[in-house]
Amino acid sequence: MNEIKNIGQVIEIRDGIAICNGLSEIGYGGEVVIQTSNGDVKGQALNLEEDRVGVIVLGNYLSVKAGDKVINSGEILSINASDLLIGKTINALGINLETGEEVVKKGIRMPLEAKAPGIIERKPVTRPLQTGIISIDATIPVGKGQRELVIGDRQTGKTAVCIDTILNQKGKDTICIYVAIGQKAAKISQIKAQLDKEGAMDYTIIVAANASDPTAMQYISPYSGVAIAEYFANNGQDVLIIYDDLTKHAFAYRAISLLLERPPGREAYPGDIFYLHSRLLERAVQLSDEKGGGSITALPVVETQAGDVAAYIPTNIISITDGQIFLDTELFNSGQRPAVNIGTSVSRVGSSAQLKATKQVASKLKLELAQFRELQAFAQFGSELDEVTQKKINTGKMMMELVKQAQAAPYQTYHMVSILYAAVNGYLDEVNLDELARWKEEFISYLDNKDSDGVISQAVESGKKIQDKPEEILKSILEGFTLV
Ligand code: ATP
Ligand code: MG
């Protein structure tokens, strides 16, 4: 703690909010320490009025009583950050949830509220962040430093897409931060166990504020997450941060704001919720070379009701982000998983970061899928279809089958490119739809066997198109492969 600025008193306590007097020097987002009979509890000043300050209590608010002393630490609420955080599951104040200890005692103080880097400190998004999911990397690619929304109804695989993206960062020098907001503790342990099993906790931090935690902790957790992300990005590293989900974050903020007696606006959300989320997501960045070249890629998650993207929070966040991955209940239920709706999903900056080889094979995939969506409507009427149309529909069906993918099974980029190359160049025309999954699996091991020098993977990773020698090798491997 810095020097003590001033000391006040709790005059009223309501559901996790302490109304305090005597804190004339405090600023918005300022940190206070409330001295309760059960020990110190941290708080953050959110409402600044002339004679009183509304403080959210970060911890056990039941122990806070009217008359408790409140100390203004003179600092914006901050979290101690260092590399020690990697592999840990912490709460929004940096306390290890397994041991109850603060993970980083010294470290660098990273403020939860910080101004996003300005235009001069940034450079364009040019490097891909591979999710390992074919339908995303091929058609709605994400670039490092981008903000891409993952949106869909309940149980459509939103979390799965995010966790798979974390799994795919293995060996890719990217720190992953998974911020869990308002989820059940059991779900977090499940996620943690999966990340552990796949060796992904070696580069991942989980910041969890569960449904049973105080609303204030749920509210601040994305800020703790991004503050930690900034610590790594400032050191020149690439960071992927997931906010799962901002719908629950908005609920938490609405609850707090009503207790702080802020005037409710649309759907009872306070008017500044848009500003709040845009400030948070603005902190995603590709830093300039002068600033070390680090990056923060953000995947905020939003839950919709009955696919209604026009509701208040979804529209807000859609307008703030650089695109959205839209997960569709109907697709999900029909077995199309991941249930990415390629027609309604977009990525506004990622295509400039997409590897050339992916682009080369993906453009045809996108076209075929778009044509398929149009023709599908005709096919439903059962009208006589000419040969060309029928062929297009068959190709579309094959492509839809091709982008199906099991959970926790991200693809290496060159595997993805090789499979798509096969699909768009007619190598899969004779393969039965129900054998396609097996074809992909067996072809991948065949490919790795035949190309043990890694010519194809090097060609893909080098950022060049598949052409000349690598293309000849890929073709001869494809010609030599038959599914038995
Ligand atoms: P919630 O709204 O509850 O947060 P969600 O949209 O995050 O749900 P998930 O929890 O990721 O959805 O997934 C829902 C269910 O679908 C889970 O049981 C998950 O295992 C399954 N699932 C997700 N993706 C796939 C996939 N690619 N293949 C098969 N099953 C999947
Ligand atoms: Mg989820």
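Let us look at the structure shown here. (Residues numbered from 1 in each chain as written. Chains lettered and ligands numbered in written order. Predicted model: local features only at pLDDT ≥ 70, side-chain atom pairs only at ≥ 80, totals over all residues. Heavy atoms only, no water.)

### Some points on the side chain of Ser63
Rule in force here: Counting from the N terminus, the helices are DSSP H or I runs at least four residues long and the strands are E runs at least two residues long. Relative accessibility thresholds used throughout: buried, under 20% of the residue-type maximum; exposed, over 50%; partly exposed, between the two (1.4 Å probe, protein chains only). Any pair of nitrogen or oxygen atoms within 3.5 Å is treated as a polar contact; in protein, a donor-acceptor pairing is required on top of that, and neighbouring residues in sequence qualify only through side-chain atoms on both sides. Note on contacts: a residue pair qualifies if any of its non-hydrogen atoms lie within 4.5 Å across the two residues.
Following the sequence through the fold, Ser63 ends up in the loop between strand E5 (53-58) and strand E6 (69-76). For Ser63, a relative accessible area of 5% puts it in the buried group. From its side chain, Ser63 meets the backbone oxygen of Asn60 in a polar contact 3.0 Å long. In this structure, Ser63 is in contact with Thr36, Ser37, Asn38, Val41 and Asp68, ignoring residues within four places of it in sequence.

### Considering the nonpolar core
Inclusion rule: Only buried Ala, Val, Leu, Ile, Met, Phe, Trp, Tyr and Cys residues count toward a nonpolar core, and they belong to the same one when joined by side-chain atoms within 4.5 Å.
Among the nonpolar cores identified, the biggest contains 66 residues, and Ile166, Leu195, Leu428, Trp439 and Phe443 are the most heavily contacted of them. Ranked by residue count, the leading element in this core is helix H11 (residues 413-424), at 9 residues. Beyond its immediate sequence surroundings of up to four residues, Leu195 is in contact with Ile163, Ile166, Leu167, Ala200, Met201, Thr204 and Ile206. Grouped together as the second largest cluster of nonpolar side chains are 63 residues, Ile151, Ile181, Ala216 and Ala233 included.

### Some remarks on unusual backbone geometry
Along the chain, Asp244 connects to Asp245 via a cis peptide bond; the corresponding omega equals 5°. Following the sequence through the fold, Asp245 ends up in the loop between strand E13 (238-244) and helix H5 (246-259). Residues other than glycine seldom take positive phi values, yet Asp15 does so here, at roughly 40°. With respect to the helices, strands and loops of the structure, Asp15 is situated in the loop between strand E1 (6-14) and strand E2 (17-21).

### With respect to the pairing of E13
Applicable threshold: Two strands are said to pair when DSSP picks up at least two bridges between them.
With 7 of 7 residues buried, E13 lies mostly within the body of the structure. Of the two faces of E13, both are covered, the one formed by Asp238, Leu240, Ile242 and Asp244 as well as the one formed by Val239, Ile241 and Tyr243. Both strand E11 (residues 174-181) and E13 contribute to a ladder of 7 bridges, which runs parallel. Across the sheet, residue Thr174 finds its bridge partner in E13, namely Asp238. The pairing of E13 with strand E15 (residues 295-303) spans 6 bridges and is parallel. Each residue of the ladder has a partner; that of Asp238, found in E15, is Ser295.

### Describing the pattern of salt bridges
Put simply, the test is: Whenever Lys or Arg places a side-chain nitrogen within 4 Å of a carboxyl oxygen from Asp or Glu, that contact is recorded as a salt bridge.
Inspection of every chain in the model, using the stated rule, returns 25 salt bridges. The closest approach of N and O atoms between Asp289 and Lys123, which form a salt bridge, is 2.7 Å. Residue Asp289 is found in the loop between strand E14 (285-286) and E15, and its partner Lys123 is found in the loop between strand E9 (108-111) and helix H1 (134-139); the two are separated by 166 residues along the sequence. Judged by relative accessible area, Asp289 falls into the exposed class, the value being 56%. Look at Lys123 and you get partly exposed, because its relative accessible area is 31%. Among the charged side chains, a salt-bridge network with shared partners connects Glu12, Arg14, Arg52 and Glu261.

### Some thoughts on the packing of aromatic side chains
The geometry of an aromatic ring pair comes down to the distance between the two centres and the angle between the two planes. Test applied: Only Phe, Tyr and Trp rings are paired, with Trp represented by its six-membered ring, and only when their centres lie within 6.5 Å; those with planes under 30 degrees apart are stacked, over 60 edge-to-face, the remainder tilted.
Tallied over the entire structure, the rule returns 8 aromatic pairs. Taken together, a centroid distance of 5.5 Å and an interplanar angle of 65° make the contact between Phe443 and Phe481 edge-to-face. On the criterion of sequence distance, the pair formed by Phe443 in helix H12 (residues 436-450) and Phe481 in the segment after helix H14 (468-480) is long-range, its members being 38 residues apart. With respect to burial, Phe443 and Phe481 carry one shared label: buried. With a centroid separation of 5.1 Å and an interplanar angle of 50°, the aromatic rings of Tyr446 and Phe481 are classed as tilted. Separated by 35 residues along the polypeptide, Tyr446 in helix H12 and Phe481 in the segment after H14 bring together distant segments of the chain. Residue classification places Phe481 among the buried residues on the basis of a relative accessible area of 10%. The rings of Trp439, Phe443, Tyr446 and Phe481 are connected pair by pair, giving a single aromatic cluster.

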